Amino acid sequence: MTDPWLVVRADKGAVLVVPATGPATGEPVRVALDRDGLVASVPDGPSDERARLVPAVGDRVLLDDEGTTLVGLLPRRSALVRDSAGRTSLTQVLAANVDVVLVVEHLDPDPDLGRVERLLTLAWRSGAQPVVVLTKADLVPDPAGMAQDVAQVALAVPVHAVSVTDDEGLEPLRALLTPGATLVVVGPSGAGKSTLVNALAGREVMATGERRAGDGRGRHTTTHRELVPLPGGALLIDTPGIRAVGLVADAAALEHTFADVAEIAARCRFADCAHTTEPGCAVRRALDDGELTERRFTSWRKLEREAAYQERRADVRLAAAEKARWKRVTMDYHRGRRGPGAPRP
Ligand SMILES: Nc1nc2c(ncn2[C@@H]2O[C@H](COP(=O)(O)OP(=O)(O)OP(=O)(O)O)[C@@H](O)[C@H]2O)c(=O)[nH]1
Ligand SMILES: [Zn+2]
């Protein structure tokens, strides 16, 4: 139990790991997980609790001396999460210890600005730096103009139009691949994520849409999260196409994505302004004089409502989990009292 290992793939009952020190290029080792699929976190400070967590791709973990059992999960410096369908855990970590989130969206068909805003919110929430990558620039007449439109909704975020087919615009992305940097690629199915990963890796590391179409099973998408070590020492994580639903909107992250709207709303006369018919509403004024588009306003409202809903749901689930815990504690207590050797009342 000395040097940490890096999780390069996380499946249900097992993880694949490589040594986290040195180039992550070696053949991964498969380590089975406990029945509950959880690993104890290594405390960050003296008062930190030892939570039990689901390991994710990008995690640093410790193995026992035999190298067969996971005994600890090192603190995460960032985590890309989405809402999980599960009843007990609130969120599912898609990737841990990420530095850059590449938000991939296609230029053809037209980019979906609402989806970009949603994925940016996911990215801001992770604690990593988002970068927007607009793919398939070779299929549209004015990729630069389209990139400008997208940049208007991607505040403080670099936006790059690229074509992997023509090997255009990839240089700024290659510049992000510094030794030790971890990048994760998110975006809708068919946006060209795997194609981009292969281009940045300089080799075929991911099966792409075209390849897979020929396997007789029709269209199928990336099913495993994978961490790809790149020649220059960066790590690249591909994710399966994240569907629009199930992304965790989070109030703090929304303030980043919609910093312009938040700033306008701060000028409303009433702090609890609903931006409908209130007097002195700066948002309505901005909509009237064109400072704010109806589309962006609606998109903001939608994600805000989702964030509020998520928060309430998280509270409910936390309360349920807490109740279950107490029930267990009480049952253990009674069992202990009645069990063999326990003092008879
Ligand atoms: N013309 C053009 N086509 C591209 C480009 N990048 C990707 N494609 C095509 O777009 C399709 C989808 O690409 P993928 O890389 O499989 O998409 P993905 O985002 O990984 O999709 P999932 O694995 O389903 O999430 C493939 O047919 C690619 O060949 C590009 O720059 N230009
Ligand atoms: Zn208002």
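Being a predicted model, the structure only gives us computed values, none of them experimental. (Residues numbered from 1 in each chain as written. Chains lettered and ligands numbered in written order. Predicted model: local features only at pLDDT ≥ 70, side-chain atom pairs only at ≥ 80, totals over all residues.)

Asks: Before we move on, can you summarise helix H1 (residues 113–126) with the specific residues and values?
Replies: Taking 1.5 Å of rise per residue, 14 residues should cover 20 Å, and H1 covers 20 Å from first to last C-alpha, within 8% of that figure. With 11 of 14 residues buried, H1 lies mostly within the body of the structure. Where H1 is concerned, the buried positions are Val116, Glu117, Arg118, Leu119, Leu120, Thr121, Leu122, Ala123, Trp124, Arg125 and Ser126. Just downstream of H1, glycine 127 is the residue with a positive phi angle, here 95°. (Helix = DSSP H or I, 4+ residues; strand = E, 2+ residues; numbered from the N terminus. Expected span 1.5 Å × (residues − 1). Buried ≥ 20, exposed ≤ 12 C-beta atoms within 10 Å, placed from the backbone.)

Asks: Talk me through the sheet that holds strand E3 (residues 29–32); I want residue IDs and the actual numbers.
Replies: Across the sheet, five strands lie side by side as E3-E2-E1-E6-E7; this open sheet has antiparallel pairing. Here the strands that pair on one side only, and so sit at the sheet edges, are E3 and strand E7 (70–73). With direction set aside, neighbouring strand axes in the sheet form an average angle of 45°. Bridge count for strand E2 (residues 14–19) against E3 is four bridges, and the pairing is antiparallel. The residue of E3 that forms the bridge with alanine 14 is alanine 32. (Pairing = 2+ DSSP bridges. Axes fitted to C-alpha atoms, helices over the stretch in contact; angles between N-to-C directions.)

Asks: Can you explain the domain arrangement of the protein chain? Please cite residues and give values.
Replies: Parsing the protein chain into structural domains produces domain 1 (5–75) and domain 2 (96–238). Here domain 1 and domain 2 have C-alpha centroids that lie 27 Å from each other. On the side of domain 2, 12 residues touch domain 1, which itself brings 11 residues to the contact. At three residues, strand E1 (residues 5–10) tops the list of elements feeding residues into the side of domain 1 that touches domain 2. Its residues placed into classes, the side of domain 1 that touches domain 2 shows six nonpolar, two polar and three charged. (Domains from an automatic or database assignment. Contact = placed C-beta atoms within 7 Å. Nonpolar A, V, L, I, M, F, W, Y, C, P; charged D, E, K, R; others polar.)

Asks: Describe the nonpolar core, and please don't skip the residues or the numbers.
Replies: Counting residues in hydrophobic clusters, the biggest one holds 78 residues, and the most contacted among them are Leu80, Ala95, Val101, Leu102, Val103 and Val184. If you tally residues by element for this core, the top one is H1, at six residues. Among the domains, domain 1 (5–75) and domain 2 (96–238) are the pair contributing at least three residues each to this core. Those residues in contact with leucine 80 that sit more than four places away from it in its chain are Val93, Leu94, Ala95, Val98, Val101, Leu122, Ser126 and Val184. (Core = buried A, V, L, I, M, F, W, Y, C linked by C-beta atoms within 7 Å.)

Asks: Please set out the sheet that holds strand E12 (residues 159–161) residue by residue, giving values where relevant.
Replies: In spatial order, the strands read E12-E11-E10-E13-E15-E14; together these six strands make up an open sheet with mixed pairing. If you trace the sheet from one side to the other, it starts and ends with E12 and strand E14 (226–229), each paired once. Each strand axis lies, on average, 25° off the axis of its neighbour in the sheet, ignoring direction. Against the sheet, helix H2 (residues 143–151) contacts strand E11 (129–135) and E12, and its axis sits at roughly 160° relative to E12. Across the sheet, helix H4 (residues 193–201) lies against strand E10 (100–106), E11, strand E13 (182–186), E14 and strand E15 (235–238), angled at about 165° from E15, the strand it touches most.

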